[in-house]
Amino acid sequence: MNLSDRIERKILLKAPRSQVWRALANAESFGQWFGVALEGKRFVAGERTEGKITYPGYEHLFWDVQVMRVEPERVFAFRWHPYAVDPEADYSTEPTTLVLFELEDMDGGTLLRVVESGFDGIPAERRLKAFRMNSRGWDDQMTNIETYLAAP
């Protein structure tokens, strides 16, 4: 695996682990900060979760993930097709990337680590674009969860 195979972000959130966990593992809460309509949905290991994307500019798309791990207050992971934004394309035969969220108690809050890996398996013609766009997207999402958790 090389550096272009994975995106990694870390952020110290000024919130207790239980609150950060709810923002991640409760599908409706996740959707609020991530930009996906997930009302009435749940994250269950081994099951798919889908919702309409509400993030500005991407509202014509659906978010579709396979939930891989739900380890309370520790790990949440799913697989998805990275930067699958062409509504005419069939991404179903492509490999997915793994998105892994890990929580750790730290002085002053909770350390959230996000790793998305598996880009080396994405078809060459869209690998670099998917990597770049998701890299920028994770920067935005770290700000989004921080803002969500800071709201009263």
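Residues numbered from 1 in each chain as written. Predicted model: local features only at pLDDT ≥ 70, side-chain atom pairs only at ≥ 80, totals over all residues. Heavy atoms only, no water.

Novice: Could you clarify how one ought to interpret unusual backbone geometry in this entry?
Specialist: When glycine is set aside, most residues are seen to have a negative phi, and most peptide bonds are trans. We note that Glu73 has phi near 60°; this positive angle belongs to a residue other than glycine. Positionally, Glu73 belongs in the loop between strand S4 (62–71) and strand S5 (75–80). The backbone of Tyr83 sits at a positive phi, close to 45°, despite the residue not being glycine. Considering the arrangement of structural elements, one finds Tyr83 in the loop between S5 and strand S6 (97–106). (Helix = DSSP H or I, 4+ residues; strand = E, 2+ residues; numbered from the N terminus.)

Novice: Sorry if this is basic, but what is going on with the pattern of salt bridges here?
Specialist: Pairing between side chains becomes possible if they bear opposite charge and their charged atoms approach one another. Using the criterion set out here, one finds 9 salt bridges in the structure. Residue Glu102 pairs with Arg113 through a salt bridge whose shortest N-O separation is 2.7 Å. Here Arg113 lies in strand S7 (residues 109–117) and Glu102 lies in strand S6, a separation of 11 residues in the sequence. Residues joined by salt bridges that share partners form a network here, namely Arg6, Glu8, Glu102 and Arg113. (Salt bridge = Lys/Arg side-chain N within 4 Å of Asp/Glu carboxyl O.)

Novice: Hey, could you run me through the nonpolar core in this one?
Specialist: What tends to happen in soluble globular proteins is that the nonpolar side chains get buried as a cluster. Counting 37 residues, the largest nonpolar core has Phe30, Trp63, Phe78, Phe101, Leu112 and Trp138 as the members making the most contacts within it. When contributions to this core are tallied by element, the ones reaching two or more residues are strand S1 (6–13), helix H1 (17–25), helix H2 (27–34), S4, S5, S6, S7 and helix H3 (124–150). Among the elements that make up this core, the one with the highest residue count is H3 (6 residues). If near-sequence neighbours (up to four positions away) are discounted, Phe78 is found in contact with Phe30, Trp63, Val65, Gln66, Val67, Met68, Thr97, Leu98, Val99 and Phe101. (Core = buried A, V, L, I, M, F, W, Y, C linked by side-chain atoms within 4.5 Å. Buried < 20%, exposed > 50% of the residue type's maximum accessible area, 1.4 Å probe, protein only. Contact = heavy atoms within 4.5 Å.)

Novice: Which parts of the structure should I look at to understand the pairing of S5?
Specialist: A regular strand carries its side chains on alternate faces of the sheet. The buried fraction of S5 amounts to 5 of the 6 residues, a majority that puts the element mostly inside the structure. When S4 meets S5, the two strands line up antiparallel, connected through 5 bridges. When the bridges of S5 are listed, Val67 appears paired with Phe78. Hairpin remark: S4 followed by S5, antiparallel, with 3 residues in the connecting loop; positive phi at Glu73, about 60°. Where S5 and S6 come together, 6 bridges link them in antiparallel fashion. Bridge pairing in S6 links Ala77 to Leu100. (Pairing = 2+ DSSP bridges.)

Purely spatial values, then, with no claim about function.
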